[in-house]
Every structure is written in structure tokens, then in C-alpha cells.
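Working through the structure, step by step
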Amino acid sequence: MSAFDKQKMKPLKDPIPMRLKFRKVGDLQYISHLDLQRVMSRIIVRSGIPAWYTQGFNPHAKMTFALPLSVGTQSICEFIDIKIDREIPTSEILDRLNAQVTEDMKFSAAYVPTTKLAQIAWVSYEINICTDTSDGTLADKVKGLLTTRPLIMKKRSKSGEREVDILDYFKSVTVEQGETLTLRVMLRAGEGSLNPEMIVTALRDRLGLLATAEESYTIMRTGVYFEDGREFE
Amino acid sequence: MSDKRSVLLKSVSKPGRYSGGEYGQIIKNKKAVNARFAFCFPDTYEIGMSNLGVRILYGALNEQDDIWCERVYAPWDDMEAKMRAENMPLTAHESGDPVGEFDIVAFTLQYELCYTNVLNMLELANIPLLAADRGEDAPIIIGGGPCAYNAEPLADFFDCFSIGEGEENLVEFTRLYIKMKLDHTYTRAGFLHEAAKIGGIYVPSLYEVTYNGDGTVKSYEPKFDDIPRRVTKRIMKDMDKAYFPKKPVMPYIETVHDRIMLEVYRGCIRGCRFCQAGMVYRPVREKTPEVLCDQAKCLFEATGYDEISLSSLSISDYSRLPELCNLLLEWTPESMVSLSLPSLRVDNFSRELMEKVESVRSSSLTFAPEAGTQRLRDVINKNVTEEDLMRTVTTAFEGGKTSVKLYFMQGLPTETEEDLDGIAALAESVIHQFYQTPNRPKRAPQVTISVACFVPKPFTPFQWEAQDDLETLLAKQEYLYQKITDRKIKYNHHDAQVSRVEAALARGDRRMSAALLEAHRLGMRFDAWSEFFSYENWLRAFEGAGLDMAFYANRRFGDDEILPWEIIDCGVTREFFAREREKAYAAKTTKNCREQCSACGANKLGGERSWCPNAKNPL
Ligand code: SF4
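Residues numbered from 1 in each chain as written. Chains lettered and ligands numbered in written order. Predicted model: local features only at pLDDT ≥ 70, side-chain atom pairs only at ≥ 80, totals over all residues. Heavy atoms only, no water.

1. Focus: the overall build of chain B
Counting its regular elements, chain B contains 21 helices and 19 strands. Taken over C-alpha atoms, the radius of gyration comes to 24 Å for chain B, in line with the 25 Å a tight globule of 619 residues would show. For chain B, the spread of C-alpha atoms along the three principal axes comes to 75 × 65 × 55 Å. By residue count, 62% of the 619 residues in chain B fall in the buried class. Within chain B, residue pairs in contact and separated by at least 24 positions form 76% of the contacts whose partners lie at least 6 positions apart. Accessible surface for chain B amounts to roughly 23,600 Å². Of this, 50% is attributable to carbon and sulfur atoms. Between the mean site of the 76 positive side-chain charges and the mean site of the 91 negative ones, chain B shows a separation of 2 Å. (Helix = DSSP H or I, 4+ residues; strand = E, 2+ residues; numbered from the N terminus. Rg over C-alpha atoms; globule rule 2.2 N^0.38 Å. Buried < 20%, exposed > 50% of the residue type's maximum accessible area, 1.4 Å probe, protein only. Contact = heavy atoms within 4.5 Å. Areas by Shrake-Rupley, 256 points an atom, 1.4 Å probe, with all protein chains shown as cover. Lys, Arg positive; Asp, Glu negative; His and termini not counted. Charge placed at Lys NZ, Arg CZ, Asp CG, Glu CD.)

See below:
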């Protein structure tokens, strides 16, 4: 498999859209969205898949990312739309892409989309906290904090900092207490969405969790959904 | 079961510098290898990952099944503070294992101002700073890269240095280590003694240095009869056959050179008299266009980069440049890859070809006249004329560019006020030329002049020269500032204090290790970054070590003086440097290697596809 292979594939009359699903886990969680965009374009070039290029002064493979992921958050459900302009089976697209990435970023699906990325309305996260869970009421405290309005926090956006009730973004939250503390939250996606890191900040500020170097946490984006709650595809 | 690493990475700026896991990194079974090699770059990840030399040596060492070479970079200060607070040692990028547990720890020395980072990294790795204090189990510390040509200021901290091109020599060195370990003949001293017999390996502790009453070097005496009196640098003779890294590590975060760097040839035909690289990388050795085209294709497939930059000291001096460009242009447009040629000289390159390649992906053109008058340009043997510059800018203006960057040096030997005036005048002529160009762009022109301070470097015809003292450097900067009145001319200059420290370190001898140790104790690191550099601290460090910075930076070294770096033989002879210096005083230029050999001595090293008279396959 080579970057040059696409030149041997049969051209299509019109480019067709192609949706790719991939994960961004492990060490890749530390890479910013901007860096991911550059990395992705190189992966596409190396793989030799017939990605359609934008025309103009600085041509590059056309890519549209679904929801940006913030640094420190992992995901098993990232979507990106590209276009292809030559004939290639979707299984080959997957094989070619997966030959060019590490375990931290594997592609799990490639298909012609029938929906728009903008239809994503909800996004779910699992937040796992390694902390002292010997206090049996911890889960209830966390649940209480995350369900009692208002929970006012400073939120940064392009237009500056403002105070918001972060619970406005919540659809649901569950808390499980075992060896670790596991939060599952469903948040509103799209413009001005809530960075799940803010939930961690709330736990730190209001409940004193994650105050020591002995405690740690992970955040995983676990799913994206249509407005009616069906899983996005 | 907290995850310390993730806590740490989530709390620092740019965690991608440390997270690793890049595509293309080399992972081996540490139990199955015979030597673990930590290749340290004493600056940030972004800079280190862009270094072609490191990439080559990383690949060359890992080609050996039983050697595992890993990368190490200097942590930024926020990371360092956390590491110290948590008592976490410096670790290697691939395995995350502490650097102190490695067999061999190498540092590439790219510029003098990274020396304090070397010491800081040794400390973070819990490795004793002084070579003399290291026990049998401590890693062997080896240095290399351009600053190893005068490594004397670092002599106390390193067990040895690799001089010249390291592709073969580092492998031989590590093989010797493995052999002695496996047959149980290894002792630290025994190994270093054997290593000193490998071509290009310099073991400073095996040479006794004595000094004259005035502080100059009296002699270098080898402590054993079976090691060379002078250490001759190593070169790769045939560049077509030299190791070439086919699968580079792909950084996830943006690095300084995020593109394919195609090394076209080594060495330089020019012989600018201030330039160390142009002297110590001699002789020129070219690759053939066919080999280069194959290598470029291979790198494109391995990286997916959309830009190829032809990288060499002066790319337009490559004897087969049009051929190479045409070969590359056969496939690059279809693959959406652009070709860029840094620092192009228009004098020997066709306009038609130039239109097909982008000189840089920006609207600006860079040109380095280095001096303001033809006289001074002749003194430094920079063979460009004002006409060359005007022709180049005219072409650029016609091609739609409006911004021109000009590089100069101040404080060059024999410089007068007239030469400084010349810098301003040259910038003004470029502006004038813009308005003389009939089909110029509509936007207003912008000329940026960037003026560095002359730093006398070892192994150059100016190695004996004194640097202007600080007051003079500053006065000249101010003078030039007053001279430039046109608002379309932007004037930048280097920090004179930094240049002075650089000059002192560049021409230092072994006693300077004490000043470096002192600087380290004062908490200095990242001196190449203006936010960390402190001239006051450097003055204190020199004072604390009982040394005078002026002795190294501002003294004119004696004609017959033994120079601290002459323990190294870079191929080019002292006689050549002295001849060139005389010609400089007489403002006489020297022909480049292509026009005529001037018997610099580097031909004794051999080399294929070179301009040297005795070369195999001469150009
Ligand atoms: S020996 Fe002659 S041709 Fe070769 S590098 Fe020296 S001056 Fe140039």
C-alpha cells in the first residue's frame, strides 16, 4: 500500500462523500484539535485513499470534523467527513487508513453518510475518578451537586468569560461508586457546548475531589446522538 | 492506583511534547537488546524533532537489532518544576524509562547556548555531572554535533565526543561497548581507552592540557601512546550509500520543520570566512539526482507531507539542481506535493524552473549579503554583489512578492562606519528597485534587515579575531538604528549580550567547565530563549569560576597560540585558515571549490562526487 496507489484507481464522475469513524485514545488525548487536523491530513495522504482535494492556491484534502475534542479527553466515537473522487471499496479505505496509525487511533467504520454532522445533538462522556471511595455517600454527594440547580461556573468562550449554570447543558447524569467513581453524563452538543473538564473543575472546587497528586481522572467521549436520542451514524 | 503520568501531562502546557506514542517511533524489547542508547536533544521537542541529523542517527542506531536508541528532550520549565516536586527523573520518550538507567547517553550539541540544558538534563536524570564522579554503573555520556568541534568547555562533563558525521562511528562505538560487556572485559576506563582508538572518538580525559602563564594553552599530551595525538573527524565518503532514514517518526504536534527535508549534499563550496559550517563540513559530497528522487518518493510515502524542502547549506550550488528539480517535478504535482528551495541564488538557476518551484510558501524573499559594502563582502568572502541582490529582488517583485528579508552581520573584522552605512543604503536600494520594477505588485514593499553580531568561531579563518566589546556592539546597533529612517525598512538585531556569551563559549577551553557548572548552579537553562537568558548570571558564573569573559570573547588570539580546539582535526588546515585570514585583510576573495581548489586540506578525508582534486568520481 502506497501513497501513490490512488493514481491507479478509476476516477469517479463526481466526488462522493465518505464518513470515517475513529477513536482518539491513550497518548493521542494530549494532541489538540488543530494538531489532529494536520495529523489526519497526513494519514490520508500516506494511506493512498483517493481523497478529493480542495482547489486553489493551497490544495489539501477536504475534511470536516464533527465535534472538536479538548486536550485531555479521549474518545471512541470521532467522526470526520471527507470526499473521494476515485473508485475504492469502503473496506479498503479502512484497511489503508488503519495501516497508517497507531493503536491510539484506529478507524472503525467508513461509509457513505445519509445524515449531516450538524445533526449531532447530544454527546455522552464517561468520567472516571481515582480517589478515596471509602466514604459511602460520595456518589450521592456528587449526584446531588450535579442535579441541584443552579451550578454556576465561569465558562470561557470566544467572546470572553461569563457565568453559566452548567446544568443547563445536562440531559442526564448517573454516578456509580466502586473502587473508583464513575460519572456518565449526557450533554448538549454543538455551538458553545460544555467542555466536560468543567465538571471535573466543579468536583474539585465544590467537593474537594482531585486535590492531591494521588488522585487522577480520565474522560472518555462514549457516544454522540441525534436530537431524539438515537445513536448518531 | 492513580495515574501519575496523566496527572502530570494534564497539568503542563503543550503535553504533546511529552506524551510520545508517535507513528513511526521504534519500540524494541528491552530485555532482548544489548545496549540501550538515549539520544538527547538539549532543547524542546519541537526543535529536536526537526533536526535532520538526529533523525538519521536515530535510524542508523536502531538498524542494529541489538541496540535500542530512544529520544529524550529537555522538559519546559513548567514540566521541570513538576518533575522536581514529584521527584520524577528524566525519562526517555519511547519507553518512559529513566535516562540514568541507559547504557549510553548521547547529547547533540547544536549551539553553545544549549550547554546549560545539557547539565540540567544530566541532573534531572540523576547522573553525576562530572565525568570524574561517575561510577562503573553510570551511563557513558557522549556528545556530538557542530559544537563538538570545540567541546573543550564541556570536557569535564562528557566521557567522550563523536567528531564529525556519526552514522558509522556511533555504531562502532556502541558495538565496542556491547562486545566488552558481553565478554566481560568492560570497565569504564578500559572501554574509554579502546573507544579513543575508533576514528572520530575523542576522550578528553585521556589528554593532559597544560597552560602558559598568560592563560593560553601550552600543550595537549595524550596519556597513552596508542591513541591519536589529534582526533580526525569522520565523514561519510559516499553520500549515495550513506544511511538514509526511510521511516521517520511522525510528530503529532507541530514542529519547526513540518515537511520533508531532503538532504541533497554535505559540505559547502563557498568558504565564507566567518562560517563554521562551511568549513567543518568540507569536502562537498553530493548525492545523485536519481538517488535523491527515490529518497524523496520514499519519504513522501512514509510521511504524507505535502512539501519537500531541498536542504543543504547553499542549495543552488548543487551541481545537478535542474536535473533534480525536473525529476521531482515529474511526480510531485500529481501528488499535490510542493517543492521549496531555501536561500536560492538567482545567478545560476533558470527563471523557468524557478516558476515551477516555490522558493518559500510565503510572500517574502530572503537574501544574506552579510555585509553592507563590497569591500567588506570581499573581506568575508561572501561572493555576492549588489547586482546579484538587485537581480534577485527584481525577479521576486515581478513574481508578486513585496517583502524582502536581508541578513547582515555587524562587528566583522575590519568593519568601519562606512560598512554600517552600507547596510542602510542597501536596504534603501531594494526599496528603490521596487519602484523601478515596471510590473511590480500594488502593495507597498517591506524590507526587513536582520543584523547579527559577529561571533568568531573555531575552525574558520576568523577564529583568531576578537569580538567587538559589548559597548561597541551596542553603539553600532544604535548607530544603525539612527541611520534607518525609511518606515518601509524594519530593523531587527540580535541581542549583543547573548552574542558575547556565545563567543566566549565557542572559543572556550577546558577551564570553562567551571563556569558552566556555576551557571548551572545559578539555575540557568534554555539560554537560547530570551525569557530565560540572563547576562548578569553569566557574568556571575564566569566570575565565580575565576574566568574573564573578555579573555575568550574579546581577545585577539595569538598567531602562534595553540588553540583549545586544535586537539581536533576537522580536515581543513590551520595554514589554510591563516592564508584566508591574510587574504581577508587584503579584501581579496578566494574562488569557490567548483572554480578552483584552494588546497584547504579537507581532500585528505576522501569523498565521492566531490570537487576535490583527488576525489573518487569527481564532479
Ligand atoms: S580540497 Fe580543494 S576542493 Fe576540496 S574542499 Fe578543500 S578547497 Fe575545496
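Moving on from the coordinates now.
2. A few points about the packing of aromatic side chains
Each aromatic ring pair is characterised by the separation of its centres together with the angle its planes make. Following the criterion strictly, the structure yields 30 aromatic pairs over all chains and no others. Centre to centre, the rings of Phe22(A) and Phe107(A) are 5.5 Å apart; their planes meet at 45°, and the pair counts as tilted. In this pair, Phe22(A) is assigned in strand 1 (residues 11-24) and Phe107(A) in strand 4 (residues 107-111), connecting sequence segments 85 residues apart. Note on Phe22(A): relative accessible area 0%, which makes it buried. Plain terms: the ring middles of Phe526(B) and Trp529(B) are 6.2 Å apart, the flat faces sit at 90° to each other, and that makes the pair edge-to-face. Take Trp529(B): its relative accessible area is 23%, and that puts it in the partly exposed class. Among the aromatic residues, ring-to-ring pairing joins Phe107(B), Phe158(B), Phe161(B), Tyr202(B) and Tyr207(B) into one connected group. The lysine or arginine in question, Arg555(B), covers the ring of Phe557(B), its NZ or CZ lying 4.2 Å from the ring centre. (Phe/Tyr/Trp six-rings, centres within 6.5 Å; stacked < 30°, edge-to-face > 60°. Lys NZ or Arg CZ within 6 Å of the ring centre and 35° of its normal.)

3. Examining the pairing of strand 16 (residues 403-410) of chain B
Residues and elements named next belong to chain B. Taken across its eight residues, strand 16 has six buried, putting it largely inside the fold. Relative to strand 17 (residues 446-453), strand 16 is paired through eight bridges, and the arrangement is parallel. Considered in strand 17, the bridge of lysine 405 is made with threonine 448. (Pairing = 2+ DSSP bridges.)

4. Overview of the interface of chain B and chain A
Listed by partner, the interface residues are 34 residues for chain B and 31 residues for chain A. For the chain B and chain A pair, buried surface summed over both sides reaches about 2,900 Å², with 58% attributable to carbon and sulfur atoms. Three residues stand out in chain B for area buried against chain A, namely Lys10(B), Tyr23(B) and Tyr252(B), and they jointly supply 25% of the buried area on that side. Applying the counting rule to chain B against chain A returns three salt bridges. A salt bridge links Asp258(B) to Arg38(A); the shortest N-O distance between them is 2.9 Å. Inspection of the chain B/chain A interface yields ten residue pairs in polar contact (both at pLDDT 80 or more). Elements with a minimum of two residues in the side of chain B that touches chain A: helix 1 (4-10), helix 2 (16-19) and helix 10 (289-303) of chain B. Among the residues making up the side of chain B that touches chain A, the classes are represented as 14 nonpolar, nine polar and eleven charged. (Buried area = accessible area lost by both parts, 1.4 Å probe. Salt bridge = Lys/Arg side-chain N within 4 Å of Asp/Glu carboxyl O. Polar contact = N/O pair within 3.5 Å; in protein donor to acceptor, adjacent residues only side chain to side chain. Nonpolar A, V, L, I, M, F, W, Y, C, P; charged D, E, K, R; others polar.)

5. With respect to the packing of helix 10 of chain B against helix 11 (residues 321-329) of chain B
Residues and elements named next belong to chain B. At a minimum axis separation of 9 Å, helix 10 and helix 11 run at an interaxial angle of 35°. The hand of the helix 10/helix 11 crossing is right-handed. Only Glu323, Leu324, Leu327 and Leu328 of helix 11 make contact with helix 10, whose side of the interface consists of Pro289, Glu290, Leu292, Cys293 and Ala296. Class assignment of the residues belonging to the contact of helix 10 with helix 11 gives a composition of seven nonpolar, no polar and two charged. (Axes fitted to C-alpha atoms, helices over the stretch in contact; angles between N-to-C directions. Left-handed = near helix turned anticlockwise from the far one by under 90°.)

6. Focus on the site of the ligand
As a matter of local geometry, the ligand sits amid Arg282(B), Cys593(B), Cys597(B), Ser598(B), Ala599(B), Cys600(B), Asn603(B), Trp611(B) and Cys612(B). By residue class, the composition of the shell around the ligand is six nonpolar, two polar and one charged. (Near = heavy atom within 4 Å.)

7. Comments concerning the sheet that holds strand 15 (residues 364-370) of chain B
Within a sheet, neighbouring strands are paired by backbone hydrogen bonds and run either parallel or antiparallel to one another. Residues and elements named next belong to chain B. Strand order in the open sheet made by the four strands is 15-16-17-18, with parallel pairing throughout. Looking at which strands have only one partner, the edges of the open sheet turn out to be strand 15 and strand 18 (489-493). Direction aside, neighbouring strands of the sheet carry axes that sit 20° apart on average. Relative to strand 18, helix 16 (residues 470-483) is tilted by about 175°, and along the sheet it contacts strand 16, strand 17 and strand 18.

8. Some thoughts on the domain arrangement of chain A
Residues and elements named next belong to chain A. By the assigned domains, chain A splits into domain 1 (3-118) and domain 2 (120-225). One C-alpha centre belongs to domain 1, the other to domain 2; they are set 30 Å apart. Domain 1 puts 18 residues into the contact, and the matching count from domain 2 is 15 residues. Linking domain 1 with domain 2 are one salt bridge, by the criterion used here. In this structure, the salt-bridge partner of arginine 221 is glutamate 78, at a minimum N-O distance of 2.9 Å. (Domains from an automatic or database assignment.)

9. What to know about the domain arrangement of chain B
Residue and element names in this part refer to chain B. Split into domains, chain B comes out as domain 1 (3-232), domain 2 (259-362 + 589-619) and domain 3 (364-511 + 547-557). Measuring from the centre of the C-alpha atoms in domain 1 to the corresponding centre in domain 3 gives 35 Å. With 18 residues of domain 1 at the contact, the number on the domain 3 side is 15 residues. Between domain 1 and domain 3, roughly 1,300 Å² of surface is buried when both sides are summed, and carbon and sulfur atoms account for 56% of that area. For the domain 1 face of the interface with domain 3, the top three residues by lost area are Glu112, Leu113 and Tyr211, together amounting to 38%. At the boundary of domain 1 with domain 3, the tally comes to two salt bridges. For the pair domain 1 and domain 3, the interface holds eight residue pairs in polar contact (both at pLDDT 80 or more). In terms of residues, the side of domain 1 that touches domain 3 owes the most to one element, strand 7 (residues 207-211), which gives three residues.

10. Looking at the sheet that holds strand 14 (residues 338-340) of chain B
Residues and elements named next belong to chain B. The strand order 10-13-14 describes an open sheet built from three strands, whose pairing is parallel. Whereas interior strands pair on both sides, the edge strands pair on one side only; in this sheet they are strand 10 (260-263) and strand 14. Each adjacent strand pair in this sheet contributes to an overall mean axis angle of 25°, direction not counted. Examined bridge by bridge, strand 13 (residues 307-311) and strand 14 share three bridges and lie parallel to one another.

11. Thoughts on the pairing of strand 9 (residues 181-188) of chain A
Within a regular strand, side chains alternate between the sheet's two faces. Residues and elements named next belong to chain A. Most of strand 9 is tucked away: six of the eight residues are buried. Bridge analysis of strand 5 (residues 122-130) against strand 9 gives eight bridges, and the strand direction is antiparallel. Its bridge partner being in strand 9, valine 123 is matched across the sheet by leucine 187. As judged from the seven bridges shared by strand 8 (residues 170-177) and strand 9, these two strands associate in the antiparallel manner. Within strand 9, the position partnered with glutamine 177 by the bridge is leucine 181.

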